[in-house]
Amino acid sequence: MKQVYEEDGTGEGPDGFFGVTAERMFSEVWSRQVLTVRERRLLLLGLLVGQDMDDMLELHLETALRSGELSPAELRETVVFLTLYAGWPRAARLSAKVEELIARTSEA
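The model shown is predicted, which means the values in this text are computed figures rather than measured ones.

Where helix 4 (residues 54-67) contacts helix 6 (residues 88-107), the two axes come as close as 11 Å, and the packing angle between them is 40 degrees. Taken together, helix 4 and helix 6 sit at an angle that is classed as oblique. As for how helix 4 packs across helix 6, the hand of that crossing is right-handed. Here Asp54, Leu57, Glu58, Leu61, Glu62 and Leu65 of helix 4 come into contact with helix 6, specifically with Arg93, Leu94, Lys97, Val98, Leu101, Ile102, Arg104 and Thr105. Each residue belonging to the contact of helix 4 with helix 6 can be placed in one class, and the counts come to 7 nonpolar, 1 polar and 6 charged.

Structure (structure tokens):
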């Protein structure tokens, strides 16, 4: 979970809903060797855009940029690519989020 989100979790115990699902997600799915974390992140970004899941999208965009998995240019190219598949309104929102994130991180 630390590698995917750059944080350890919510503080909930391992037997709670979050703990049980997080254990499976991160120990069994995100850690498999066939796809890289970067490839999984790109797939997830497409899904999150397509499903209008903006809260999770912002988290994954920020983590991808902060961790170096995706550069600003790659994030912008992701917007261009997803525009044709997710539709212009969703891609326009994504573009605004990406540009705000890039501006915010370049100021830091």
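What follows concerns the environment of valine 98. When you line up the elements, valine 98 lands in helix 6. Note: C-alpha distance between valine 98 and threonine 78 (20 residues apart in sequence) is 9.8 Å. In contact with valine 98, not counting residues within four places along its chain, are Leu61, Leu75, Arg76 and Val79.

This paragraph deals with helix 5 (residues 72-86). With 15 residues, helix 5 should reach 21 Å at 1.5 Å per residue; the first-to-last C-alpha distance of 20 Å fits that figure. Buried within helix 5 we find Leu75, Thr78, Val79, Leu82 and Ala86. Contacts from the buried residues of helix 5 go to helix 3 (37-50), helix 4 and helix 6. A positive phi of about 100 degrees marks glycine 87, the residue just after helix 5.

Our next topic: a nonpolar patch on the surface. Taken together, the side chains of Val34, Leu35 and Leu43 make up a nonpolar region of the molecular surface, amounting to roughly 300 Å² of accessible area. Following the sequence through the fold, valine 34 ends up in the loop between helix 2 (17-29) and helix 3. Residue classification places valine 34 among the exposed residues on the basis of a relative accessible area of 69%.

Criteria and thresholds
Residues numbered from 1 in each chain as written. Predicted model: local features only at pLDDT ≥ 70, side-chain atom pairs only at ≥ 80, totals over all residues. Heavy atoms only, no water. Axes fitted to C-alpha atoms, helices over the stretch in contact; angles between N-to-C directions. Helix = DSSP H or I, 4+ residues; strand = E, 2+ residues; numbered from the N terminus. Parallel < 35°, antiparallel > 145°, perpendicular 65-115°, else oblique. Left-handed = near helix turned anticlockwise from the far one by under 90°. Contact = heavy atoms within 4.5 Å. Nonpolar A, V, L, I, M, F, W, Y, C, P; charged D, E, K, R; others polar. Expected span 1.5 Å × (residues − 1). Buried < 20%, exposed > 50% of the residue type's maximum accessible area, 1.4 Å probe, protein only. Patch = residues over 30% accessible without salt bridge, like charges linked within 9 Å, V, L, I, M, F, W, Y side chains within 5 Å. Areas by Shrake-Rupley, 256 points an atom, 1.4 Å probe, with all protein chains shown as cover. Salt bridge = Lys/Arg side-chain N within 4 Å of Asp/Glu carboxyl O.

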